[in-house]
Amino acid sequence: MMSPLHSNHPCRFACQLLCTCCECKHRVDTHWHCTVCQDYDLCISCYYTKNHDHPMEKLGLGLEDDPQSTAAQSQEESRRLSIQRNIQYLILACQCRDANCPLPSCQKMKRVVHHTKGCKRKSTGRCPVCRQLIALCCYHAKRCHENYCPVPFCFNIRQKLRQQQLQPRQAQVLHRRMASV
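Fair warning: this is a prediction, and the values are worked out from it, not measured in the lab. (Residues numbered from 1 in each chain as written. Predicted model: local features only at pLDDT ≥ 70, side-chain atom pairs only at ≥ 80, totals over all residues. Heavy atoms only, no water.)

Given 3.6 residues per helical turn, the α-helix brings residues three or four places apart onto the same face. An ideal rise of 1.5 Å per residue puts 39 Å on 27 residues; helix α6 (residues 154–180) measures up with 40 Å between its terminal C-alpha atoms. Every buried residue belonging to α6 is among Cys-154, Ile-157 and Arg-158, and all of these are buried. The elements touched by buried residues of α6 are α5 (128–143). (Helix = DSSP H or I, 4+ residues; strand = E, 2+ residues; numbered from the N terminus. Expected span 1.5 Å × (residues − 1). Buried < 20%, exposed > 50% of the residue type's maximum accessible area, 1.4 Å probe, protein only. Contact = heavy atoms within 4.5 Å.)

What follows is the structure in C-alpha cells.
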C-alpha cells in the first residue's frame, strides 16, 4: 500500500518526468519507487539486481523492456508488445506540449509525426517512415474511443473502419430487397 507521502508522485498521473535511479543514476521513465523512503527510485535493472528493504511499486508508462520477462517471450508476443509500446510513445508524444521534452521516445515520435505531416511521398505509399506511422495509427484507431483523439489520422481511420463494417450490412439489405422483388 502506498503511503500518503507518495500519493502525489509525478508518475502517478502523467509520467512525462524522468526519474533518476538512486543506484546507477540512469534516467528512466518506468521505474520502481519505494513506498517508505522519500525519493528513492530504482530503474528496472537495478530493481532486479539490488536489494531494498522496503516495499516498492512499479511506476511509469512501462515503456522500457523488463529484462526478466523479455527472454521468455515468443516473437509474436514480442511484436505485440513492441506495437503497444510504440502506440504509447505515439499517444505520449501527441499529448506532450513540452518542446524540449526529456523523454527520448517522445522526441523521436514527435519527429516522426512532424515528418509525416509534411512528407511528399506519403500519398504514394513509398515512404517507409510514413507507412509505419500510419500502420501504428491504424492499430491505435481500432481500439480508440476518444472523441477528440490527438493521434494523427485517428478520426479518419475510425470513420473508414465504420464504413467498411457497414458495407457488408448494406449489401445484405440490398440483396434481400432485390430477392423480395
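Moving on, we come to the packing of helix α3 (residues 75–95) against α5. Closest axis-to-axis distance for the α3/α5 pair is 10 Å, and the angle between their directions is 95 degrees. The angle between the axes of α3 and α5 places the two elements in the roughly perpendicular class. Of the residues in α5, those in contact with Arg-79, Ile-83, Asn-86, Ile-87, Leu-90 and Ile-91 of α3 are Leu-133, Leu-136, Cys-137, Tyr-139 and His-140. For the contact of α3 with α5, the residue count by class is eight nonpolar, two polar and one charged. (Axes fitted to C-alpha atoms, helices over the stretch in contact; angles between N-to-C directions. Parallel < 35°, antiparallel > 145°, perpendicular 65-115°, else oblique. Nonpolar A, V, L, I, M, F, W, Y, C, P; charged D, E, K, R; others polar.)

Read from one edge to the other, the open sheet built from three strands follows the order β4-β3-β5, with strand pairing classed as antiparallel. In this open sheet, the two strands that pair with only one neighbour each are β4 (41–42) and β5 (56–59). By the bridge criterion, four bridges tie strand β3 (residues 31–34) to β5 in an arrangement that is antiparallel. Among the inter-strand pairings, Trp-32 is bridged to a residue of β5, identified as Lys-58. (Pairing = 2+ DSSP bridges.)

Attention now goes to the environment of Arg-126. The topology assignment puts Arg-126 in the loop between α4 (104–118) and α5. For Arg-126, a relative accessible area of 64% corresponds to the exposed category. When residues no more than four places from it in sequence are discounted, the contact partners of Arg-126 are Arg-121 and Arg-131.

Turning our attention to the nonpolar core. Counting residues in hydrophobic clusters, the biggest one holds 23 residues, and the most contacted among them are Leu-90, Cys-106, Met-109 and Leu-133. Those elements that provide at least two residues to this core are α3, α4, α5 and α6. Among the elements that take part in this core, α3 stands out by supplying seven residues, more than any other. Counting residues in each nonpolar core, the second largest holds ten residues, with Trp-32, Cys-34, Tyr-40 and Cys-43 among its members. (Core = buried A, V, L, I, M, F, W, Y, C linked by side-chain atoms within 4.5 Å.)

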